[in-house]
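As a plain string of letters, each chain reads:
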Amino acid sequence: MIGVDISQILGFVPQDRIDAFEPRVRDAIEQLEKGTGPGSDFTGWLDLASKTGRALLDEIKGVAKILRDNCDTVVVAGIGGSYLGSRAVIEAFQNSFSQLSDKGGNPVILFAGQNISEDYLFELGELLKTRRFGVINISKSGTTTETAIAFRVLKKQCEQQRGVEMARKVIVTVTDAEKGVARATATKEGYRTFVIPDNVGGRYSVLTPVGLLPIAVAGYDIDKLVEGAAAMESLTSSNVPFSKNPSAVYASARNALYQSGKKIEILVNFCPKLHFFSEWWKQLFGESEGKDGKGIYPSSVDFSTDLHSMGQWIQQGERIIFETVISVENVRHSYLVPFDDENLDGLNFMAGKHVDQVNKMAELGTRIAHVDGGVPNIRISVPELNEYWLGQLIYFFEKACGISGYLLGVNPFNQPGVEEYKKNMFALLGKPGYETESEAILSRIGK
Ligand code: PA5
């Protein structure tokens, strides 16, 4: 099962300070489950996994098959919560060299609408000229600028290249049930659509069609992903004692560390396939907790790669950090360090060992060094990277985030701060309706 080991934070915060969170954690879980806490309109993710019916999973798989049968490439257009979850899961499973390797009949999954880079869109368009591509347009609001620009471009190219009839078949929209231009376009063009439930916010939506459709198109088992999440739902529910509830323990440990001055949490992996999982995690915790002048700053590193860049800072920089390591216990392939007669590189002492054994010693050695250097360490163990365990891990963090936000005293389900840049951008671009803001911002920058 997913394990949470907090033994290596106890030299920094005593166990009783963590245990003292128990009554507040109980209240937080009760508020989540009863829908009485802040942001309760957006707690639909809590029992999403256990409530996801066979009919929806089959429908998603059916549409995924249409895309898989008709496309060698599928572009997922989305940003933030409408993109990071599917990318996290797909990149955790796919071959590290997937762009160049045999995909065993699976389409290449590309992402767009997660930036406003002209070069990115141009290069994507060029690449797609020789591809039989489809598009999954994902936006809950249906109005997000980054996604809308990318979709406008992709829709036109898809229609021109593949014909309007085929485009109608290979363009799918995932959006709100009624609102937004993505819904309006889908209705007008007759695209297949999936609904993002009203009560599930972007960063908690990976187990809705937002994440499940791209993951199924990529060829991964969404039944197992949902099954894993549903299992974790039971393991973290209100009838599980505090010390046995992994999300409760993790949420309490990180809040105890925060109160003791550890303001930055670094999510660490020793497996590069988890790079985008960390990106998903950063959004989950960053958007949920960073408000009202509060919140642990979530950051991430890929070890051992970043031990050769950020390792110095972590070992000896300002002591305001703690690490949470995702430790994957079993790798999928076997590869041994070879013996060499000449041993010029001096590596024969590890000849015959699995590369992962070396990696695990790097992990253990790093953990000891960082704890010695004043960095508390939480270890989250995952048996292996497959759909079931990743489903568990996703739900584990979502539940921990909900609990942690309530312990911190914020609404973990809103994100009022992200509107600020949009307001300025629209004012600078002269969007209709932003005339007053336009005048104000232009005079501010002397234009
Ligand atoms: O978590 C969130 O709510 C955000 O990150 C959104 O997912 C992101 O801004 C994209 O929004 P939308 O799906 O409405 O295009």
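The structure this text deals with has already been given above.
So, a few notes on the structure that sits alongside this text. (Residues numbered from 1 in each chain as written. Predicted model: local features only at pLDDT ≥ 70, side-chain atom pairs only at ≥ 80, totals over all residues. Heavy atoms only, no water.)

### Section: the environment of E126
Our working rule: In DSSP terms, a helix is any run of H or I states spanning at least four residues, a strand is any run of E spanning at least two, and both are numbered starting from the N terminus. Note on exposure labels: buried denotes an accessible area under 20% of the residue type's maximum, exposed denotes more than 50%, and partly exposed covers the range between, all computed with a 1.4 Å probe on protein chains only.
For E126, the position within the fold is in helix α6 (residues 118–128). Among the residues examined, E126 registers a relative accessible area of 37% and is labelled partly exposed. Put simply, E126 and S86 are 40 residues apart on the chain and 24 Å apart in space, counted from C-alpha to C-alpha.

### With respect to empty space enclosed by the protein
Taking a probe equal in size to a water molecule and rolling it over the atoms shows the remaining empty space. Selection rule: Cavities and pockets were defined on a 1 Å grid built from protein atoms only: a cavity is a group of points that admits a 1.4 Å probe but offers it no way out, a pocket is an open group of points flanked by protein on both sides within 12 Å along at least five of seven lines, and a lining residue is one with an atom within 4 Å of any such point. Grid points are joined across faces, edges and corners, and a volume is the space filled by probe spheres set on the points. Any residue outside Ala, Val, Leu, Ile, Met, Phe, Trp, Tyr, Cys, Pro, Asp, Glu, Lys and Arg is labelled polar, Gly included; the first ten of those are nonpolar and the last four are charged.
Summed over the entire model, instances satisfying the criterion amount to one cavity of 30 Å³ or more. Each pocket or cavity is described by its volume, and for the largest cavity that value is around 30 Å³. At the level of elements, β9 (321–330) and α15 (355–372) are the ones that each hand at least two residues to the lining of the largest cavity. When its residues are assigned to classes, the lining of the largest cavity shows four nonpolar, three polar and three charged.

### A look at helix α10 (residues 209–217)
Most of α10 sits out of view: nine of its nine residues are buried. For α10, every residue scored as buried is listed here: P209, V210, G211, L212, L213, P214, I215, A216 and V217.

### Considerations on the side chain of R254
So the rule is basically this: Polar contact is the term for a pair of N or O atoms within 3.5 Å; when the atoms are in protein, one must be able to donate a hydrogen and the other to accept it, and sequence-neighboring residues count only if both atoms are side-chain atoms. Whether two residues are in contact is decided by their heavy atoms: any pair within 4.5 Å suffices.
Assignment of secondary structure puts R254 in helix α12 (residues 246–259). Overall, the relative accessible area of 0% leaves R254 in the buried class. A polar contact of 2.8 Å, which involves the side chain of R254, links it to the side chain of E265. Setting aside anything within four residues of it in sequence, one finds R254 in contact with E265, F285, E289, I296, F322 and S404.

### A short note on the sheet that holds strand β3 (residues 108–112)
What counts, and what does not: Should DSSP find at least two bridges between two strands, the strands are taken to pair. Axis lines are fitted through C-alpha atoms, for helices just across the contact stretch, and the angle between N-to-C directions can take any value from 0 to 180 degrees.
Taken in spatial order, the five strands of this open sheet run β3-β2-β4-β5-β6, and their pairing is parallel. Strands at the two margins of the open sheet, each flanked by one partner only, are β3 and β6 (192–195). Recorded for the sheet is a direction-independent mean angle of 20 degrees between the axes of neighbouring strands. The pairing of strand β2 (residues 73–77) with strand β4 (residues 133–139) spans five bridges and is classified as parallel. The residue bridging V74 from the neighbouring strand is G134, located in β4.

### A short note on the sheet that holds strand β8 (residues 297–302)
One open sheet holds the five strands; their spatial order is β1-β10-β9-β7-β8, and the pairing between them is mixed. Unpaired on one side and paired on the other, β1 (3–5) and β8 mark the two borders of the sheet. On average, adjacent strands in this sheet sit at an angle of 20 degrees to one another, irrespective of strand direction. Looking at chain direction, β9 and strand β10 (residues 377–384) are connected through seven bridges and run parallel. In the sheet register, N330 faces β10, and the bridge partner there is E384. On the sheet, α12 packs against β1, β7 (264–269), β9 and β10 and is oriented at approximately 155 degrees with respect to β10. Along the sheet, helix α16 (residues 387–408) makes contact with β1, β7, β9 and β10, crossing β10 at roughly 150 degrees.

### Comments concerning the side chain of K399
As a reminder of what qualifies: His residues and chain termini do not enter the charge count, which takes Lys and Arg as positive and Asp and Glu as negative. Throughout this description, the term salt bridge denotes a Lys or Arg side-chain nitrogen within 4 Å of a carboxyl oxygen of Asp or Glu.
By the element assignment, K399 lies in helix α16. No salt bridge is formed by the buried K399. Its closest oppositely charged neighbour is E33, at 4.3 Å. When sequence neighbours within four positions are dropped, the list of residues in contact with K399 reads I29, L32, E33, W45, L46, E233, T236, S237 and S247.

### A word on the pattern of salt bridges
What the rule picks out here adds up to 25 salt bridges. A salt bridge links R54 to D58; the nearest nitrogen and oxygen atoms lie 3.4 Å apart. Taken together, the residues span about one helical turn, with R54 and D58 both in helix α4 (residues 54–70) at a distance of four residues. What makes R54 partly exposed here is its relative accessible area of 47%. Looking at D58, the relative accessible area reads 39%, which means it is partly exposed. With its nearest N and O atoms 3.0 Å apart, the salt bridge here joins E159 to K155. Taken together, the residues span about one helical turn, with E159 and K155 both in helix α7 (residues 145–162) at a distance of four residues. The partly exposed category is assigned to E159, whose relative accessible area is 21%. Among the charged side chains, a salt-bridge network with shared partners connects R54, D58, K61 and D223.

### Digging into the site of the ligand
The following threshold applies: Being near a molecule or strand, for a residue, means having at least one of its heavy atoms within 4 Å of it.
For the ligand, the set of nearby residues contains 13 residues, the closest of which are S82, S139, S141, T144 and Q283. With respect to the ligand, the side chain of S141 contributes an N or O atom lying 2.7 Å from an oxygen atom. One of the side-chain N or O atoms of E287 is found 2.9 Å from an oxygen atom in the ligand. Tallied by class, the residues present in the shell around the ligand amount to one nonpolar, nine polar and three charged.

In short, geometric facts, not functional conclusions.
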